[in-house]
Amino acid sequence: MDKLEQLRSKLKIDEHALEIELKNYPNYVDDVGQAHVLAISDRDEAKQALDEIEAKVDSEIRSEAVAAGDKITEKDVESQKRLDPKVKAANRKFLDLKLEAAQWGVLKEAVEKRSYALSKLVDLYLASYYSEIEKKGDVDFKNVQSQRVKRELAERRKRIAVE
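One structure accompanies this document, and this report is about it. Here the structure is a predicted model, which is why all the values come from computation and not from measurement.

Scoring rules and cut-offs
Residues numbered from 1 in each chain as written. Predicted model: local features only at pLDDT ≥ 70, side-chain atom pairs only at ≥ 80, totals over all residues. Heavy atoms only, no water. Core = buried A, V, L, I, M, F, W, Y, C linked by side-chain atoms within 4.5 Å. Buried < 20%, exposed > 50% of the residue type's maximum accessible area, 1.4 Å probe, protein only. Contact = heavy atoms within 4.5 Å. Axes fitted to C-alpha atoms, helices over the stretch in contact; angles between N-to-C directions. Helix = DSSP H or I, 4+ residues; strand = E, 2+ residues; numbered from the N terminus. Parallel < 35°, antiparallel > 145°, perpendicular 65-115°, else oblique. Left-handed = near helix turned anticlockwise from the far one by under 90°. Nonpolar A, V, L, I, M, F, W, Y, C, P; charged D, E, K, R; others polar. Patch = residues over 30% accessible without salt bridge, like charges linked within 9 Å, V, L, I, M, F, W, Y side chains within 5 Å. Areas by Shrake-Rupley, 256 points an atom, 1.4 Å probe, with all protein chains shown as cover. Salt bridge = Lys/Arg side-chain N within 4 Å of Asp/Glu carboxyl O. Lys, Arg positive; Asp, Glu negative; His and termini not counted. Charge placed at Lys NZ, Arg CZ, Asp CG, Glu CD. Phe/Tyr/Trp six-rings, centres within 6.5 Å; stacked < 30°, edge-to-face > 60°. Lys NZ or Arg CZ within 6 Å of the ring centre and 35° of its normal. Expected span 1.5 Å × (residues − 1). Polar contact = N/O pair within 3.5 Å; in protein donor to acceptor, adjacent residues only side chain to side chain.

We now examine the nonpolar core. In this structure, L7, Y28, V32, W104, L107 and V111 are the most contacted members of the largest nonpolar core, which totals 15 residues. The residues contacting L7, other than those within four sequence positions of it, are Y28, D31, V32, W104 and L107. Core analysis: the second largest hydrophobic core is formed by 9 residues, A46, L50, V77 and A90 among them.

Have a look at this one:
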């Protein structure tokens, strides 16, 4: 498993180990952020290399045309440049690294959103949201929620009846 997939697999939050999740979160953010920065750097280096290769191939095409006594248009130079194997390989590398940098960017954004989810899960824990589920053991979550709603409705009916 590559690093991107390894860190992506850590997105899932264990709601029964919030303390550990919160302690590990800053390191997780740093790991993803550093990997994203490196991916952007690699992409930028590949773009620079592509530009240099294109310039060199452009020069070679023009020199060959001058040596042969041919007149060549900009459109012809661009076409020949795109078909050059060195340009194709450099472009493929650039596109691959561009995709990888974008994937790291998406993961970085997901990690930032994970912070909000962690915060809300902590709020739920503090409100004893999980205590009912833990008391019931392996009871279906929907049943627990249904029982909670029924209790709340019964309490509201009692309050309305008293008023």
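Continuing now.
A few words now on the packing of helix α2 (residues 18-68) against helix α4 (residues 85-126). Closest axis-to-axis distance for the α2/α4 pair is 8 Å, and the angle between their directions is 160 degrees. As judged from the angle between their axes, α2 and α4 are roughly antiparallel. For the pair α2 and α4, the sense of crossing is left-handed. Class assignment of the residues belonging to the contact of α2 with α4 gives a composition of 25 nonpolar, 4 polar and 11 charged.

It is worth spelling out a negative patch on the surface at this point. A surface patch of like charges, here negative, comprises D2, D42, E45 and E100. Structurally, the position occupied by D42 is in helix α2.

Okay, the packing of aromatic side chains next. Note on aromatic pairs: each is described by the distance of the centres and the angle between the planes. Considering all chains together, one arrives at 0 aromatic pairs under this definition. Across from the ring centre of F94, 5.6 Å away, lies the NZ or CZ of K47, which sits over that ring.

It is worth spelling out the pattern of salt bridges at this point. Oppositely charged side chains may form a pair once their charged atoms are brought near each other. Applying the stated criterion across every chain yields a total of 12 salt bridges. Residues R8 and E5 are paired through a salt bridge, measuring 2.6 Å at the closest nitrogen-oxygen approach. Of this pair, R8 and E5 both sit in helix α1 (residues 3-8), 3 residues apart, roughly one helical turn. Its salt-bridge partner being K120, residue D123 comes within 3.8 Å of it at the nearest N-O pair. Residue D123 and its partner K120 are located together in helix α4, separated by 3 residues, close to a single helical turn. Judged by relative accessible area, K120 falls into the partly exposed class, the value being 38%. Through salt bridges that share partners, D58, R62, E74, E78 and K81 make up one connected network.

Quick look at α4 now. An ideal rise of 1.5 Å per residue puts 62 Å on 42 residues; α4 measures up with 61 Å between its terminal C-alpha atoms. When α4 is considered as a whole, its buried residues turn out to be V87, A90, F94, L97, A101, W104, L107, V111, R114, L118 and L121. Measuring from the backbone nitrogen of K86 back to the side-chain oxygen at the start of α4 gives 2.9 Å, which picks out D84 as the cap. A positive phi of about 60 degrees marks S128, the residue just after α4.

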